[in-house]
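A look at the structure
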Amino acid sequence: MLATTDPATMRDAGLPAARRRVGIALAVVGMCGWLGWIVWRVATLTLNPIPIAAFLIELGGAVIGVVVAVALATVDRPRTTFDDDRRDPWRYAFAVADRVERTRAVDLHREVRSAANSARRGGKRTRADIAMGCVLIDGPRRLAMIVVAVVGLLIGVSPMPVPTVPSLVSLAVGVGGLSVATVVLSERRIAVGDRLRWTYGSIGELLIRDDLDGVAPRRWVGTVGTIVVVNLAIAMRGMSDRWTHGLPTMSNDMRIVAMVYAMTLVAGSLFTLVTTAAPQLDNAHLVSRRLEERTARQSALGGALCIGLIGLLAGVLPGCVDPSDDHAGRIEHVTEHEVGSPVDD
């Protein structure tokens, strides 16, 4: 008989010194980029719950990226990662767990609660423990970002002001630097996009306790739900400001920023769907139900994207800002004039 080897006991060779130095240098570049973005965000932050929440979520994302990169850089003899399915949303969490020699998260509900309880108890924790805790809360962070974007669109508050070109460059450097650093320090066990796919794929795991028989897995349901909800919020905002005026009015610049912010979340969800393996049902008698469910999902996605596109176009296309112009096809912004002040014809 062939001898079997326990995967938990197999180890890779230590991280080469040259790769470690390159990874650390990329992480430093990423941190500098994030620092520039954070400085701009703090300088332009307004005292409103939506911008403050958005800033804290972005700050949390930067901190999580740095903590994971540091943990990967300090690993001596990482455990071998056997799973090589790059279309698995859990690949990022599994790879980090294997590299820092921690148990893989299987039940996200239980693992998130355990991480929260451990943080409250305090005590000594290693870099690996902190890194795994950061990986686990990355999904709830993404969910909070979606909630902030949707609520901001509905109440008429943008999560941030119009960003400057230097601030956007800093953000791109920060995100790109930490992402590539993670790839290098994990010896390509983690690929670019794995973390994004993990955060969206875990939303369904957080909101739904168990998979439903004959329905797509929770990781799919959460991602599809994100696309539908965010697109509906975009549509409501665009149609309200142009035609119905049922929501609080937003200025042109703030509306465009809020919509683009929300569309980046839609783009992340679409990336997750495209790069994740299609769900399969094991039971043969559920094949017809699977086809019906897939058709319904595609119809819901297509309808939501079309409605969102209409709202986006209605919100970003130029329109009249003259409060005396009631043209139904233009965006109107009703402003109050002081009593007795002249109004130009």
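Higher on the page you've got the structure.
Because the structure is a prediction, the values reported are computed rather than measured.

Quick word on the overall build of the protein chain
Scanning the protein chain for helices and strands turns up 10 helices and 0 strands. Listing every helix and strand of the protein chain by position from the N terminus yields α-α-α-α-α-α-α-α-α-α. Considering only contacts in the protein chain between residues 6 or more positions apart, those separated by 24 or more positions represent 79%. For the protein chain, the accessible area works out to roughly 17700 Å², and carbon and sulfur atoms hold 65% of it.

A word on the packing of helix α2 (residues 49-73) against helix α6 (residues 165-185)
One way to put it is that α2 packs onto α6 with a least axis distance of 9 Å and a crossing angle of 20°. Classified by the interaxial angle, the pair formed by α2 and α6 is roughly parallel. In this structure, α2 crosses over α6, and the sense of that crossing is left-handed. Across the interface between the two elements, Ala62, Gly65, Val66, Ala69, Leu72 and Ala73 of α2 pack against Leu178, Thr182 and Leu185 of α6. Class assignment of the residues belonging to the contact of α2 with α6 gives a composition of 7 nonpolar, 2 polar and no charged.

Brief notes about the pattern of salt bridges
On inspection of all chains with the given rule, the structure shows 8 salt bridges. The partner of Arg195 in a salt bridge is Asp138, with the nearest N and O atoms 2.6 Å apart. Of the two residues, Arg195 sits in helix α7 (residues 194-207) while Asp138 sits in helix α5 (residues 127-155), which places them 57 residues apart along the sequence. For Arg237, the salt bridge goes to Asp241, with nearest N and O atoms at 2.8 Å. Taken together, the residues span about one helical turn, with Arg237 and Asp241 both in helix α8 (residues 218-244) at a distance of 4 residues. Ionic contacts of the salt-bridge type, sharing partners, join the residues Arg91, Asp194 and Arg197 into one network.

Looking at the environment of Cys306
With respect to the helices, strands and loops of the structure, Cys306 is situated in helix α10 (residues 287-316). With 71 residues separating them along the chain, Cys306 and Ala235 place their C-alpha atoms 9.2 Å apart.

Concerning unusual backbone geometry
For Glu187, which is not a glycine, the phi torsion comes out positive at approximately 55°. Locating Glu187 in the fold gives a position in the loop between α6 and α7. Positive phi outside glycine occurs at Arg188, with the angle close to 65°. Mapped onto the elements, Arg188 comes out in the loop between α6 and α7.

Calculation criteria
Residues numbered from 1 in each chain as written. Predicted model: local features only at pLDDT ≥ 70, side-chain atom pairs only at ≥ 80, totals over all residues. Heavy atoms only, no water. Helix = DSSP H or I, 4+ residues; strand = E, 2+ residues; numbered from the N terminus. Contact = heavy atoms within 4.5 Å. Areas by Shrake-Rupley, 256 points an atom, 1.4 Å probe, with all protein chains shown as cover. Axes fitted to C-alpha atoms, helices over the stretch in contact; angles between N-to-C directions. Parallel < 35°, antiparallel > 145°, perpendicular 65-115°, else oblique. Left-handed = near helix turned anticlockwise from the far one by under 90°. Nonpolar A, V, L, I, M, F, W, Y, C, P; charged D, E, K, R; others polar. Salt bridge = Lys/Arg side-chain N within 4 Å of Asp/Glu carboxyl O.

By themselves, these observations are geometric and do not establish any function.
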